[in-house]
Amino acid sequence: MTKIAATDVAPNRRRGGDLRTLLSPATAGSTSGFMGVLTLEPGEVVTEHYHPYSEEFLYLVTGKITARIDGEPVPMSAGEALHLRVNVRHRLENDAATRAFLVFQLGPLAPRPELGHVDTEPLPEQESA
């Protein structure tokens, strides 16, 4: 059994927002996937990417966002969930005036961590370079 608080994990802002992977092979010894939380402030985005090995499940706890799925807008409100199949391009945008908070889960695991995400647009840190 592994118990981890979001405040115990450093944020990953590489693709945008405040993403914290809570349960993973590194933190919990998981073998089938990983889960975490994402906070998006108004105007923040998670840049477009896809997962060549994993499905992703998103649950919007609070706020409103637009998920762009293969370029098409899908509005989401608190209490709604979204299933993303393998290889589906997706981008998350908080175009609302309030903070959005999501829970995400991905599985199965990619054979190696660096194969888990494929970016399809420049990351925020690359845009400012």
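Each remark here, short or long, concerns the structure printed above.
What you are looking at is a predicted structure, and each value in this text was computed from that prediction instead of being measured.

*Asks:* Mind showing me how you'd approach the overall build of the protein chain here?
*Replies:* For the protein chain, the helix and strand inventory stands at 2 helices and 10 strands. When its helices and strands are written in sequence order, the protein chain yields β-α-β-β-β-β-β-β-β-β-β-α. Over its C-alpha atoms the protein chain spans a radius of gyration of 14 Å, differing by no more than 12% from the 14 Å that the globule rule assigns to 129 residues. Taking the principal axes of its C-alpha atoms as reference, the protein chain extends roughly 40 × 30 × 25 Å. For the protein chain, buried positions account for 36% of its 129 residues. Counting only contacts in the protein chain whose residues sit at least 6 apart along the sequence, the fraction spanning at least 24 positions is 68%.

*Asks:* Help me out: how do you make sense of unusual backbone geometry in this one?
*Replies:* Excluding glycine, a negative phi dihedral is what most residues carry, and trans is how most peptide bonds are arranged. Following Gly 107, the chain continues into Pro 108 via a peptide bond in cis, with omega recorded as -5°. By the element assignment, Pro 108 lies in the loop between strand 9 (100–107) and strand 10 (118–119). Of note, Asp 70 is a non-glycine position whose phi angle comes to about 50°, a positive value. Considering the arrangement of structural elements, one finds Asp 70 in the loop between strand 5 (64–69) and strand 6 (72–77).

*Asks:* Would you mind going over the packing of aromatic side chains with me for this structure?
*Replies:* In this description, an aromatic ring pair is defined by two values, namely the gap between the centres and the angle between the planes. For the coordinates displayed, the defined rule picks out 1 aromatic pair. A ring pair is formed by Phe 34 and Phe 104, whose centres lie 6.4 Å apart and whose planes are at 80°; its orientation type is edge-to-face. Taken together, the residues Phe 34 in strand 2 (residues 34–40) and Phe 104 in strand 9 connect sequence positions 70 residues apart.

*Asks:* What am I meant to see in the sheet that holds strand 8 (residues 90–93) here?
*Replies:* Strand pairing in a sheet is mediated by backbone hydrogen bonds. Such pairs are either parallel or antiparallel. One open sheet holds the 5 strands; their spatial order is 6-5-8-3-10, and the pairing between them is antiparallel. With partners counted over all chains shown, the strands left at the sheet margins are strand 6 and strand 10, one partner each. Relative to strand 6, strand 5 runs antiparallel, the two sharing 6 bridges. Considered in strand 6, the bridge of Thr 66 is made with Pro 75.

*Asks:* It is not clear to me how the sheet that holds strand 2 should be interpreted in this structure. Could you clarify?
*Replies:* Read across the open sheet, the 5 strands follow the order 1-2-9-4-7; overall the sheet is antiparallel. The open sheet terminates on both sides in strands that have one partner only, identified here as strand 1 (18–23) and strand 7 (81–84). With strand direction ignored, the average angle separating the axes of adjacent strands in the sheet is 20°. Here strand 2 runs beside strand 9; their pairing, made up of 7 bridges, is antiparallel. What sits directly across from Met 35, in strand 9, is Gln 105.

*Asks:* Explanation requested: the side chain of Thr 66 in the structure shown.
*Replies:* Considering the arrangement of structural elements, one finds Thr 66 in strand 5. Side-chain polar atoms of Thr 66 contact the side chain of Asp 95, separated by 2.8 Å. Among all residues touching Thr 66, those that are not within four sequence positions of it are Pro 73, Val 74, Pro 75, Arg 91, Leu 92, Glu 93 and Asp 95.

Rules of the game
Residues numbered from 1 in each chain as written. Predicted model: local features only at pLDDT ≥ 70, side-chain atom pairs only at ≥ 80, totals over all residues. Heavy atoms only, no water. Helix = DSSP H or I, 4+ residues; strand = E, 2+ residues; numbered from the N terminus. Rg over C-alpha atoms; globule rule 2.2 N^0.38 Å. Buried < 20%, exposed > 50% of the residue type's maximum accessible area, 1.4 Å probe, protein only. Contact = heavy atoms within 4.5 Å. Phe/Tyr/Trp six-rings, centres within 6.5 Å; stacked < 30°, edge-to-face > 60°. Pairing = 2+ DSSP bridges. Axes fitted to C-alpha atoms, helices over the stretch in contact; angles between N-to-C directions. Polar contact = N/O pair within 3.5 Å; in protein donor to acceptor, adjacent residues only side chain to side chain.

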